[in-house]
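What the coordinates show
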Amino acid sequence: MRPEVPDHLLDIESAPPGFLEHVLDLAARMRENPANWSRAQEGRLLVNLFYEPSTRTRVSFEIAALRLGMRVVNIAASDSSVKKGETLLDTFRTLAAMAPDVVVVRHPEDGALAPLAAAAAPGLHVVNAGDGSRSHPTQALLDALTLRTRCPGFPALKVLVAGDLRHSRVTRSGVALLKRLGVSEIRLCAPPGLEAGPRVSEGVRYFEDLDSALEGVDVVMMLRIQHERLAGMAIPDSETYHRRWGLTRERLGRAAPDCLVMHPGPMNRGVEIASDVADGPQSVILEQVANGVFTRMAVIQALLD
Ligand code: CP
């Protein structure tokens, strides 16, 4: 049975039951045979509207749309009339007047997309490409696709998310999706002051020490320090941070023997993750990137279909 399909994808928490599972199944089918979908949304138009820098998310939405036969327009806020003082809502309404089918938005403020979705006419779909520290639903989906593909025992897994949890939209969306998919044990570990908020921490195991957190885990996802959101917080220098909170080969030895290493990117090598771990045999970081295209194809297809 087809699940209820929402008009927009703003976050994991508000997606209707079964919709996210449907997207994951569809993404896996698309990955098997991408050519079958090359005209699925022919003639339709996607606009990427990005108020923050991005490599993976922006480019993979563009490639996903092109692989569905769509046309794509990319707008960086830094090159637009935003520089002349135009508000986000006015910018969105202006773009909506040109009749795109999908608008993908990244914005530094938590919850910035809700007014856009409320203003969208029927047939125009808003997709969240990351808002502030709140939500990054397509990152959560591509990470779940990677886990479902790589871990035969999924969801019977111990998954550790470690690093700057406080400022990470990846943590919020990722943990919400892992809980929803029934992952057996979710562990969190963060340096003092960078812990996740109470909602994320509900129903997970919290560790103050990375070595203990890593004991026996099947998957570890490392997150970078979000310097752009620290607002004056004191953080140890890179070398000290790496010694205390970085994933090194020696530390990884505490995890299960085939523990997968994940990172949503961009990485700060030698800070939260050592280069030989990021490039090592247990790393699936580039698989996450590849799955990002199929996941975003599936999101667009599911919303438009
Ligand atoms: N993971 C992620 O959102 O990467 P970008 O900032 O490069 O899009």
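Up top you'll find the structure we're talking about.
This text gives an overview of the structure that appears in the document.

About the criteria used
- Residues numbered from 1 in each chain as written.
- Predicted model: local features only at pLDDT ≥ 70, side-chain atom pairs only at ≥ 80, totals over all residues.
- Heavy atoms only, no water.
- Helix = DSSP H or I, 4+ residues; strand = E, 2+ residues; numbered from the N terminus.
- Rg over C-alpha atoms; globule rule 2.2 N^0.38 Å.
- Buried < 20%, exposed > 50% of the residue type's maximum accessible area, 1.4 Å probe, protein only.
- Contact = heavy atoms within 4.5 Å.
- Areas by Shrake-Rupley, 256 points an atom, 1.4 Å probe, with all protein chains shown as cover.
- Lys, Arg positive; Asp, Glu negative; His and termini not counted.
- Charge placed at Lys NZ, Arg CZ, Asp CG, Glu CD.
- Pairing = 2+ DSSP bridges.
- Axes fitted to C-alpha atoms, helices over the stretch in contact; angles between N-to-C directions.
- Right-handed = clockwise from strand over helix to strand, strands pointing away.
- Salt bridge = Lys/Arg side-chain N within 4 Å of Asp/Glu carboxyl O.

**Focus: the overall build of the protein**
In terms of regular secondary structure, the protein is built from twelve helices and nine strands. At 19 Å, the protein has a C-alpha radius of gyration in line with the 19 Å of a compact globule built from 305 residues. In terms of overall dimensions, the protein has C-alpha extents of about 55 × 45 × 30 Å along its principal axes. Taking all 305 residues of the protein together, 56% fall into the buried category. For the protein, the share of sequence-separated contacts (at least 6 apart) that also reach a separation of at least 24 residues comes to 77%. When the accessible area of the protein is evaluated, it comes to approximately 13300 Å², of which 51% is carbon and sulfur surface. Distance from the positive charge centre (34 side chains) to the negative charge centre (37 side chains) of the protein: 2 Å.

**Let's talk about the sheet that holds strand 5 (residues 158-162)**
Across the sheet, which stays open at both edges, the five strands sit in the order 7-6-5-8-9 with parallel pairing between neighbours. At either margin of the open sheet sits one strand with a lone partner, and together these are strand 7 (205-207) and strand 9 (260-262). Within this sheet the neighbouring strands show an average axis-to-axis angle of 20°, counted without direction. Looking at chain direction, strand 5 and strand 8 (residues 219-222) are connected through four bridges and run parallel.

**Quick look at the pairing of strand 1 (residues 45-50)**
With six of six residues buried, strand 1 is to be regarded as a mostly interior element. Two elements, strand 1 and strand 2 (residues 71-76), share six bridges in a ladder whose sense is parallel. Its bridge partner lying in strand 2, L49 is registered against I75. With helix 2 (residues 56-67) bridging strand 1 and its parallel neighbour strand 2, the resulting β-α-β unit is right-handed. Examined bridge by bridge, strand 1 and strand 3 (residues 102-107) share five bridges and lie parallel to one another. The residue bridging N48 from the neighbouring strand is V104, located in strand 3.

**Some points on the sheet that holds strand 4 (residues 125-131)**
Read from one edge to the other, the open sheet built from four strands follows the order 2-1-3-4, with strand pairing classed as parallel. Both outer strands of the open sheet, strand 2 and strand 4, are each paired with one neighbouring strand and no more. Put simply, the sheet's adjacent strands are angled 15° from each other on average, direction ignored. Packing of helix 3 (residues 88-96) onto the sheet brings it into contact with strand 1, strand 2, strand 3 and strand 4, and relative to strand 1 it is tilted by some 165°. Against the sheet, helix 12 (residues 285-304) touches strand 1, strand 3 and strand 4, its axis set at about 150° to strand 4.

**Some words on the pattern of salt bridges**
For the structure shown, the criterion picks out 15 salt bridges. The residue D211 makes a salt bridge to R251 at a minimum N-O spacing of 2.9 Å. You can see D211 sitting in helix 8 (residues 210-214) and its partner R251 sitting in helix 10 (residues 249-252), a full 40 residues away along the chain. On the basis of relative accessible area, R251 is assigned to the buried category, the value being 12%. In this structure, D276 engages R249 in a salt bridge whose closest nitrogen and oxygen atoms are separated by 3.0 Å. One end of the pair, D276, is in helix 11 (residues 275-278); the other, R249, is in helix 10, and 27 residues separate them in sequence.

**Let's talk about the pairing of strand 6 (residues 185-189)**
When you tally the buried positions in strand 6, you get five out of five residues, the bulk of the element. Neither face of strand 6 is exposed, since E185, R187 and C189 on one face and I186 and L188 on the opposite face are all buried. Here strand 5 pairs with strand 6 via five bridges, running parallel. The partner of L160 across the bridge, within strand 6, is R187. Taken together, strand 5, helix 6 (residues 169-180) and strand 6 form a β-α-β motif whose crossover is right-handed. Relative to strand 7, strand 6 runs parallel, the two sharing three bridges. When the sheet's bridge partners are listed, C189 is paired in strand 7 with F207.

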